[in-house]
Amino acid sequence: MQDIRQDVRKPDRKRKRRKKHHLLRALVFFLLLSLGSSYFYLNRIVPDQLNIVAGEQEEILFPLLFQSTLEMKDAEVSLGNPSEIPSNQIRISGNRPFQMVGTKEGSYQMEVKLFGFLKVKDVQVDVVDESYVIPCGTPVGIYLKSDGILVIGTGTLIGADGMDVEPAYGILRSGDYIEAINGKPISKKEELMDAVNQAGPGRVTLKIRRGEEEMTISMNPAEDKDGIYKLGAWVRDDTQGIGTMTYLDLNGRFGALGHGISDSDIGGVVEIQDGALYETQILGIEKGSSGNPGVMSGVIYYGPGSRLGEIDANTETGIFGTAGDNLISRVSGTPIPIGYRQDVKTGPALLRSSVSGKVKDYQIEIRKVDYSTNHRTKSIVFEVVDEELLGLTGGVIQGMSGSPIIQEGKLIGAVTHVFVQDSTKGYGIFIENMLKH
């Protein structure tokens, strides 16, 4: 009987040891998973770059859920908690703000460590002079000349023999920019059409830009049923529309839209040669509703006397250029300081717009702020709460992109997108992202 009891106890001890080993492995796995999740969470929410104004004590709050250590590599910027003397290293956790003071303009590095030992990232801290701009909110007509002739796509044409033919298929791609034909630079689609027809049945050589690559391709135009030689490609050399001017700085530079002008057919920002702002008149407003974004309709007045400024950049974060005297004389308002991402908080703010026919500020509520650099044009989520603006537009509508967002007397951002299913809500871009285009 003794031997039998011993045989019974031995399997029990083995099972207990195996259970302990399983629990230990599960605990280690859980700890590693938590550590990895914390690391990637911090890396995502902590921005790669911060701007602070020289000589001002900035209070910064990021939604950190885990204990982290911040360490400055340069003495020109000091860190501190509200209850601590500023130093070069602090520990923070939870929703506790920290303070940062820069004494000298320049770029410096701050190291972020999880639990004080696992390095997450380096943050570039730029100490800058205080900047002032005039928030505008005025609608403008926009004309862009593409840098080369943009290929929208290829298509078939009816040849001289009555058969379908597509000469550009597999040779030209949507998004290509045609810069020259047979060695001759071209900038207008009419120039391309004339050169192709004049070349006749002969082979033509096209210099194109495809992404970052310059290349030369050859192809044979096809004669259509009307006796005209064509490439069989849809092309465009300009873009126009109506948007809102965000700001005018003290040097006469402007920014507008808060996002780039893209071609709906190629899905990318149009590469431009140049462009211009023109006077526009809003003729009507279609209110937004669930699933149906509203829109401002109007007319653009082209001509020397209605030209307001020159556009020299079309980027992911907006269009930019130099205002003419005609525009500068029309912009009214007092310059206000720029607010950087750490200045943006959930709560009340103002949206400046002239949808009513004159520039007015309307009440909005900032619902969410993404301080990371992952969504450059969708860092702010806001809701229109102003009854007058809701009555006029239903919330955010197409054409309002670029409308300034002001909080606590600072220009902090601009409207960029509307929620398709809820026109009372929209996205905004941090103004600092527009300024560093």
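Per-chain numbering applies: the sequence of each chain, read as written, is numbered from 1 onward. Given that this is a predicted model, residues contribute local features only at a pLDDT of at least 70 and side-chain atom pairs are listed and counted only at 80 or more, while totals for whole chains, interfaces and linings are drawn from all residues. Side-chain measures here rest on the full set of heavy atoms in the structure, leaving out hydrogens and waters.

### Considerations on the overall build of the protein chain
- Secondary structure elements are defined from DSSP: runs of H or I of at least 4 residues count as helices, runs of E of at least 2 residues count as strands, and each element is numbered from the N terminus. When its secondary structure is counted, the protein chain shows five helices and 31 strands.
- For each residue, the accessible area found with a 1.4 Å probe, counting protein chains only, is set against the maximum for its type, and the residue is called buried under 20%, exposed over 50%, and partly exposed in between. Taking all 437 residues of the protein chain together, 44% fall into the buried category.
- Any two residues whose heavy atoms approach within 4.5 Å are treated as being in contact. At a minimum sequence separation of 6, the contacts of the protein chain that also span at least 24 residues come to 67%.

### Regarding the pattern of salt bridges
- Think of a salt bridge as a Lys or Arg side-chain nitrogen and an Asp or Glu carboxyl oxygen that are within 4 Å of each other. Tallied over the entire structure, the rule returns 21 salt bridges.
- A salt bridge links D224 to K230, with the nearest nitrogen and oxygen atoms 3.2 Å apart.
- The class for K230 is partly exposed, based on a relative accessible area of 37%.
- Put simply, E279 and R330 hold a salt bridge, and the shortest N to O gap is 2.5 Å. Of this pair, E279 sits in strand β20 (residues 272-286) while R330 sits in the loop between α3 (325-328) and β24 (336-337); the two residues are 51 residues apart in sequence, bridging distant segments of the chain.
- Within the structure, one salt-bridge network assembled from shared partners comprises K73, E111, K113, K119 and D122.

### Considerations on the pairing of strand β14 (residues 204-210)
- Among the seven residues in β14, five count as buried, and that is most of the element.
- Here four bridges tie strand β12 (residues 177-181) to β14, and the two strands are oriented antiparallel to one another. What sits directly across from I181, in β14, is L206.
- Bridge count between β14 and strand β15 (residues 213-219): seven bridges; the pairing is antiparallel. Looking at the pairing, R210 lines up with E213 of β15. By definition, two strands form a pair when at least two bridges between them are found by DSSP.

### Focus: the sheet that holds strand β2 (residues 57-60)
- Taken in spatial order, the three strands of this open sheet run β2-β6-β4, and their pairing is antiparallel. Strands with a single pairing partner mark the edges of an open sheet, and in this sheet they are β2 and β4 (77-80). Between one strand and the next, the sheet's axes are offset by a mean angle of 25°, whatever the strand orientation.
- Bridge count between β4 and strand β6 (residues 98-102): four bridges; the pairing is antiparallel. By the bridge assignment for β6, G80 is matched with Q99. Here the axes come from fitting lines to C-alpha atoms, over the contacting stretch only for helices, and the angles between their N-to-C directions go from 0 to 180 degrees.

### As for the sheet that holds strand β5 (residues 89-92)
- Pairing within the open sheet is mixed, and its five strands lie in the order β1-β8-β7-β3-β5. Each having just a single partner strand, β1 (49-53) and β5 make up the two edges of the open sheet. In this sheet, neighbouring strand axes are inclined to one another by 25° on average, regardless of whether the strands run parallel or antiparallel.
- Two strands pair when backbone bridges link them, and strand β7 (residues 106-114) and strand β8 (residues 118-128) are joined in this way by nine bridges, in the antiparallel orientation. By the bridge assignment for β8, V112 is matched with K121.

### Describing the nonpolar core
- As used here, the term nonpolar core means buried Ala, Val, Leu, Ile, Met, Phe, Trp, Tyr and Cys residues forming a set that is joined through side-chain atoms within 4.5 Å. Within the largest apolar cluster, 44 residues are counted, with the highest numbers of intra-cluster contacts made by L70, L79, F98, M100, M110 and F382.
- Those residues within four positions of M100 in sequence are excluded, and the remaining contacts are L50, I52, E56, Q57, E58, I60, V77, S78, L79, M110 and V125.
- Residues Y177, I261, I311 and V331 belong to the second largest nonpolar core, which totals 23 residues.

### What about the side chain of T315?
- Mapping T315 onto the fold places it in strand β22 (residues 307-315).
- Given a relative accessible area of 18%, T315 falls into the buried group.
- If we ignore the near neighbours within four places in the chain, the residues touching T315 are H259, G260, V269, F320 and H437.

### Examining empty space enclosed by the protein
- The rule is simple: put a 1 Å grid over the protein atoms alone, call a set of points where a 1.4 Å probe fits but cannot get out a cavity, call an open set with protein on both sides within 12 Å along at least five of seven lines a pocket, and count a residue as lining if it has an atom within 4 Å of a point. Grid points are joined across faces, edges and corners, and a volume is the space filled by probe spheres set on the points. Across all of its chains, the model carries two cavities of 30 Å³ or more by this definition.
- Along its surface, the largest cavity is lined by G137, P139, T244, I282, M296, S353, S354, V355, G399 and M400.
- Its residues placed into classes, the lining of the largest cavity shows five nonpolar, five polar and no charged. Polar here means any residue outside two lists: the nonpolar Ala, Val, Leu, Ile, Met, Phe, Trp, Tyr, Cys and Pro, and the charged Asp, Glu, Lys and Arg; Gly therefore counts as polar.

### Concerning the environment of G347
- Relative to the helices and strands, G347 resides in strand β25 (residues 347-353).
- A relative accessible area of 12% places G347 in the buried class.
- Setting aside anything within four residues of it in sequence, one finds G347 in contact with I364, E365, I366 and Q407.

### Details of the packing of aromatic side chains
- Two rings from Phe, Tyr or Trp (for Trp, the six-membered ring) form a pair when their centres are within 6.5 Å of each other. A pair whose planes differ by under 30 degrees is stacked, one over 60 is edge-to-face, and the rest are tilted. What the rule picks out here adds up to three aromatic pairs.
- Look at Y278 and Y302: their rings are 4.9 Å apart centre to centre, the planes differ by 70°, and that puts the pair in the edge-to-face class. You can see Y278 sitting in strand β20 and its partner Y302 sitting in the loop between β21 (294-301) and β22, a full 24 residues away along the chain.
- Y278 sits in the buried class, given a relative accessible area of 8%.
- Take Y302: its relative accessible area is 43%, and that puts it in the partly exposed class.
- Ring centres of F419 and Y427 lie 4.8 Å apart, and the angle between their planes is 40°; on these two criteria the pair is classed as tilted.
- Each member of the aromatic cluster is reached from another via a ring pair, and the members are Y143, Y278 and Y302.
- Only lysine NZ and arginine CZ atoms are considered, and such an atom sits over a ring when it is within 6 Å of the ring centre and within 35 degrees of the ring normal. One residue, R209, lies across the ring of Y177, its end atom 4.6 Å from the ring centre.

### Digging into the confidence of the model for the protein chain
- Across the protein chain, the average pLDDT comes to 87, with 88% of residues at 70 or higher.
- As a per-residue measure, pLDDT tells how confident the predictor is, with possible values from 0 to 100. Of all the helices and strands in the protein chain, helix α1 (residues 2-45) carries the lowest mean pLDDT, 62, while strand β29 (residues 404-407) carries the highest, 98.

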